[in-house]
Amino acid sequence: MSQVIVFTDLDDTLIQTRRKLPENASFSLGATDKEGLPLSFMTKSQETMLKIFSQSDAIIIPVTGRNTSALDRVAYAFNHYRVVSHGALVLQKNGDICTKWLEKVAHQFDAWKALMFSCNEEILSLIKDYQLNARSRVITDHDIDVYVSVKGEPEALTFIREHNTHGQHFTHHENAHNYALLPPYASKKKAVEHIHQMLNLGADHLIIGLGDSLSDLEFMTSCQFAMFPQHSQIKRSFPYA
Ligand SMILES: [Mg+2]
């Protein structure tokens, strides 16, 4: 049997907040908030899928927009490579940043730090001037500035996207109440391809990608098979959905 490798997004793929749980679904704790209170949940079917993978001795690798401390609040204990902060950082088994990944991306950090902070300043001005229902901040992970995170009402996020002059420099993740402006090293696809190299993956492995957002498709389609949830931005984007 082939070694199975699963690259999986987390939020809205393997866990979700209470209001997004299917009606009558059984669930268990998925993740806590910063105060340690339950915030996200895993349905029985999501749990079963993970069990099927782990019973097949699959290597399960999270590929998430969460930074490391937010990933640490997820109940499932991932024990191999982890992709955090939208791909800006690849963590090794022991939790340290993969040094070979740093060799590829670290030279970009300083230039993009300045751009992220001026982008964030502009967005904060837009929020203040137009009294938008949103908040913005630069996310840091392992003391590295990794991306600009804007959260708020979808209309406010659309306004910010259309009026923020820095936006053109970044790639974007946008789904419902989340908008992230990503420097070039924050790429889930590049991070997944890096792990492909590190694990020397080839045609005889079974490589599966899971995600829910359109921004996940890039890394998912670099895997042999791709899976997405029934209720997802990917599904909604299909003309026959
Ligand atoms: Mg997601």
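Residues numbered from 1 in each chain as written. Predicted model: local features only at pLDDT ≥ 70, side-chain atom pairs only at ≥ 80, totals over all residues. Heavy atoms only, no water.

A. Representation of the overall build of the protein chain in the model. In terms of regular secondary structure, the protein chain is built from 8 helices and 13 strands. Relative to the 2.2 N^0.38 estimate, which gives 18 Å for 241 residues, the radius of gyration of the protein chain is 18 Å and therefore close to what a compact globule would have. Dimensions of the protein chain, computed from the C-alpha atoms along their principal axes, are close to 60 × 45 × 40 Å. Counting only residues that meet the buried cut, the protein chain has 49% of its 241 residues in that class. A separation of at least 24 residues holds for 55% of the contacts in the protein chain among residues at least 6 apart in sequence. For the protein chain, the accessible area works out to roughly 12500 Å², and carbon and sulfur atoms hold 51% of it. Charged side chains of the protein chain number 23 positive and 27 negative; the gap between the two group centres comes to 3 Å. (Helix = DSSP H or I, 4+ residues; strand = E, 2+ residues; numbered from the N terminus. Rg over C-alpha atoms; globule rule 2.2 N^0.38 Å. Buried < 20%, exposed > 50% of the residue type's maximum accessible area, 1.4 Å probe, protein only. Contact = heavy atoms within 4.5 Å. Areas by Shrake-Rupley, 256 points an atom, 1.4 Å probe, with all protein chains shown as cover. Lys, Arg positive; Asp, Glu negative; His and termini not counted. Charge placed at Lys NZ, Arg CZ, Asp CG, Glu CD.)

B. Summary view of the coordination of the magnesium ion. Ligation of the magnesium ion by protein atoms is provided by Asp 9 (OD), Asp 11 (O) and Asp 212 (OD), these donors lying 2.1 to 2.2 Å from the ion. Ordering the donors of the magnesium ion by residue number gives the pattern D-x1-D-x200-D. Judged by its relative accessible area of 5%, Asp 9 falls in the buried class. The partly exposed category is assigned to Asp 11, whose relative accessible area is 28%. (Donors = N, O, S within 2.8 Å, 3.2 Å for Na, K, Ca; no water.)

C. How the structure looks around the packing of aromatic side chains. Scanning all chains against the criterion turns up 6 aromatic pairs. Relative to Phe 170, the ring of Trp 112 has its centre 5.4 Å away and its plane inclined at 70°; by these criteria the two rings are edge-to-face. Placement of the pair is Trp 112 in helix H4 (residues 109-129) and Phe 170 in the loop between helix H5 (154-163) and strand E10 (171-175), with a sequence separation of 58 residues. Grouping residues by exposure puts Trp 112 and Phe 170 together as buried. Summarising the aromatic geometry, the rings of Tyr 130 and Phe 159 are spaced 4.8 Å apart at their centres and angled 55° between planes, so their arrangement reads as tilted. Here Tyr 130 is found in the loop between H4 and strand E8 (134-141), whereas its partner Phe 159 is found in helix H5, with 29 residues between them in sequence. (Phe/Tyr/Trp six-rings, centres within 6.5 Å; stacked < 30°, edge-to-face > 60°.)

D. Region of interest: the pairing of strand E3 (residues 27-32). Two strands pair when backbone bridges link them, and E3 and strand E4 (residues 38-43) are joined in this way by 5 bridges, in the antiparallel orientation. When the sheet's bridge partners are listed, Ala 31 is paired in E4 with Ser 40. Between E3 and E4, which pair antiparallel one after the other, the connecting turn spans 5 residues, and Gly 36 there sits at a positive phi close to 85°. (Pairing = 2+ DSSP bridges.)

E. A look at the side chain of Thr 68. Among the structural elements, Thr 68 can be located in helix H2 (residues 68-71). The exposure class of Thr 68 is buried, given its relative accessible area of 13%.

F. Broad picture of unusual backbone geometry. Here the phi dihedral of Asp 57 falls at roughly 55°; this positive angle occurs in a residue that is not glycine. Within the fold, Asp 57 resides in the loop between helix H1 (44-55) and strand E5 (59-62). Even without being a glycine, His 142 presents a positive backbone phi close to 50°. Mapped onto the fold, His 142 is located in the loop between E8 and strand E9 (144-152).

G. The sheet that holds strand E2 (residues 16-17), seen in detail. A sheet is described by the order of its strands in space; here 3 strands give the open sequence E2-E4-E3, paired in antiparallel fashion. Strands at the two margins of the open sheet, each flanked by one partner only, are E2 and E3. As judged from the 2 bridges shared by E2 and E4, these two strands associate in the antiparallel manner. Along E4, the bridge assignment pairs Gln 16 with Phe 41. Of the strands in this sheet, E2, E3 and E4 touch H1, which is tilted by about 65° from E4. (Axes fitted to C-alpha atoms, helices over the stretch in contact; angles between N-to-C directions.)

H. Examining the pattern of salt bridges more closely. By the definition in use, this model includes 9 salt bridges. Taking the shortest distance from any N to any O, the salt bridge between Arg 66 and Asp 11 comes out at 2.7 Å. Of this pair, Arg 66 sits in the loop between E5 and H2 while Asp 11 sits in the loop between strand E1 (4-8) and E2, placing them 55 residues apart in sequence. Exposure remark for Arg 66: the relative accessible area of 11% places this residue in the buried category. (Salt bridge = Lys/Arg side-chain N within 4 Å of Asp/Glu carboxyl O.)

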